[in-house]
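Residues per chain are reported as follows:
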Amino acid sequence: TVDIAAKARNGIGPYAKLREFANRLTGLTPGSWGLRDMFLETVDAQAWIDALNVSVRIALAATPRMSEGEQTRLGMGIPSTDRFLDNPEAAIADYLVLRKRLLIERDKNLRTIGISTNENSIKRAQDQNFAIQTFLDLMHQLPDEGYVDTRLIDEANDRIGKKE
């Protein structure tokens, strides 16, 4: 299993970007110096965060109920390994808020699957639930509360929104 919180703490923010840069520089040194891949943990963490980001973008894109603007607004709440000044703790809060938002969407899809007679609607709901489940599987170890400061959760809710 993967600890996404540890990956976020190690792969997001200014120190992660500096370690990534240092890892690229040391990759240019001769192997006999023993400096290559000094910060491989950071690069690995960034790869996991990027995979998590892809899974949430797919889940957002697959929803039949969200407008493109809503998807863009929610997508802006996705932490990035590319931004230098992202706060790792705020990134974890963003993921927690996105998880709650996608759980609401999954419940709506389950209702659609249960009551709809339209095969296309059912298929879209099933496809989106598959994408949501991929995101949730990566997030399963992260508790809903008590892991990051509630102030960060509140800020993420304000930024991303908890539309129901």
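Residues numbered from 1 in each chain as written. Predicted model: local features only at pLDDT ≥ 70, side-chain atom pairs only at ≥ 80, totals over all residues. Heavy atoms only, no water.

### Thoughts on helix α6 (residues 119-139)
Taking 1.5 Å of rise per residue, the 21 residues of α6 would be expected to cover 30 Å, and the 30 Å separating its terminal C-alpha atoms lies within 8% of that figure. For α6, every residue scored as buried is listed here: Ser-121, Ile-122, Ala-125, Gln-128, Asn-129, Ala-131, Ile-132, Phe-135, Leu-136, Leu-138 and Met-139. By the N-cap criterion, in which a side-chain oxygen at the helix start approaches the backbone nitrogen of a residue two or three places on, α6 is capped by Asn-118, the distance to Asn-120 being 2.8 Å. (Helix = DSSP H or I, 4+ residues; strand = E, 2+ residues; numbered from the N terminus. Expected span 1.5 Å × (residues − 1). Buried < 20%, exposed > 50% of the residue type's maximum accessible area, 1.4 Å probe, protein only. Polar contact = N/O pair within 3.5 Å; in protein donor to acceptor, adjacent residues only side chain to side chain.)

### Considering the side chain of Gln-46
Tracing the chain through its elements places Gln-46 in helix α3 (residues 40-61). Contacts of Gln-46, omitting those with residues within four sequence positions, involve Gly-11, Ala-16, Lys-17, Glu-20 and Thr-81. (Contact = heavy atoms within 4.5 Å.)

### So, the confidence of the model for the chain
Taken as a whole, the chain shows an average pLDDT of 84; of its residues, 93% reach a score of 70 or greater. The lowest-confidence element of the chain is helix α4 (residues 68-75), averaging 74 in pLDDT; the highest-confidence one is helix α5 (residues 88-115), averaging 90. (pLDDT = per-residue confidence, 0-100.)

### Side note on the nonpolar core
The biggest cluster of nonpolar side chains holds 33 residues, and the ones touching the most others in it are Phe-135 and Met-139. Elements that contribute at least two residues to this core include exactly α1 (4-11), α3, α5, α6 and α7 (150-160). Looking at this core element by element, the count peaks at 9 residues for α5. If sequence neighbours within four positions are ignored, Phe-135 has contacts with Leu-52, Ser-55, Val-56, Tyr-95, Leu-98, Arg-99 and Leu-102. (Core = buried A, V, L, I, M, F, W, Y, C linked by side-chain atoms within 4.5 Å.)

### Some words on the pattern of salt bridges
Across all of its chains, the model carries 10 salt bridges by this definition. The partner of Asp-44 in a salt bridge is Lys-7, with the nearest N and O atoms 2.7 Å apart. In this pair, Asp-44 sits in helix α3 while Lys-7 sits in helix α1, placing the two residues 37 residues apart along the sequence. Note on Asp-44: relative accessible area 34%, which makes it partly exposed. The partner of Glu-20 in a salt bridge is Lys-17, with the nearest N and O atoms 2.9 Å apart. (Salt bridge = Lys/Arg side-chain N within 4 Å of Asp/Glu carboxyl O.)

### Here's the deal with α4
Those residues of α4 lying buried are Glu-70, Gln-71, Leu-74 and Gly-75. The arc that holds every buried residue of α4, seen down its axis, measures 135 degrees, which confines them to one face. On its buried face, α4 is in contact with α3, α5 and α7. (Arc of directions from axis to C-beta.)

### Description of the environment of Glu-41
Following the sequence through the fold, Glu-41 ends up in helix α3. Given a relative accessible area of 62%, Glu-41 falls into the exposed group. Spatially, the C-alpha atom of Glu-41 lies 7.6 Å from that of Asn-10, the residues being 31 residues apart in sequence.

### Things to note about a nonpolar patch on the surface
A contiguous nonpolar patch, built from Tyr-15, Leu-18, Phe-84 and Leu-85 and spanning about 490 Å² of accessible area, is present on the exposed surface. Overall, Leu-18 belongs to the partly exposed group, its relative accessible area being 47%. (Patch = residues over 30% accessible without salt bridge, like charges linked within 9 Å, V, L, I, M, F, W, Y side chains within 5 Å. Areas by Shrake-Rupley, 256 points an atom, 1.4 Å probe, with all protein chains shown as cover.)

### Concerning the packing of helix α2 (residues 14-26) against α3
At their nearest, the axes of α2 and α3 sit 8 Å apart, and the two run at 120 degrees to each other. Classified by the angle between their axes, α2 and α3 sit oblique to one another. Considering how the two elements wind past one another, α2 and α3 form a crossing that is left-handed. Of α3, the residues touching α2 (which contributes Ala-16, Lys-17, Arg-19, Glu-20 and Asn-23) are Leu-40, Thr-42, Val-43 and Gln-46. Among the residues making up the contact of α2 with α3, the classes are represented as 3 nonpolar, 3 polar and 3 charged. (Axes fitted to C-alpha atoms, helices over the stretch in contact; angles between N-to-C directions. Parallel < 35°, antiparallel > 145°, perpendicular 65-115°, else oblique. Left-handed = near helix turned anticlockwise from the far one by under 90°. Nonpolar A, V, L, I, M, F, W, Y, C, P; charged D, E, K, R; others polar.)

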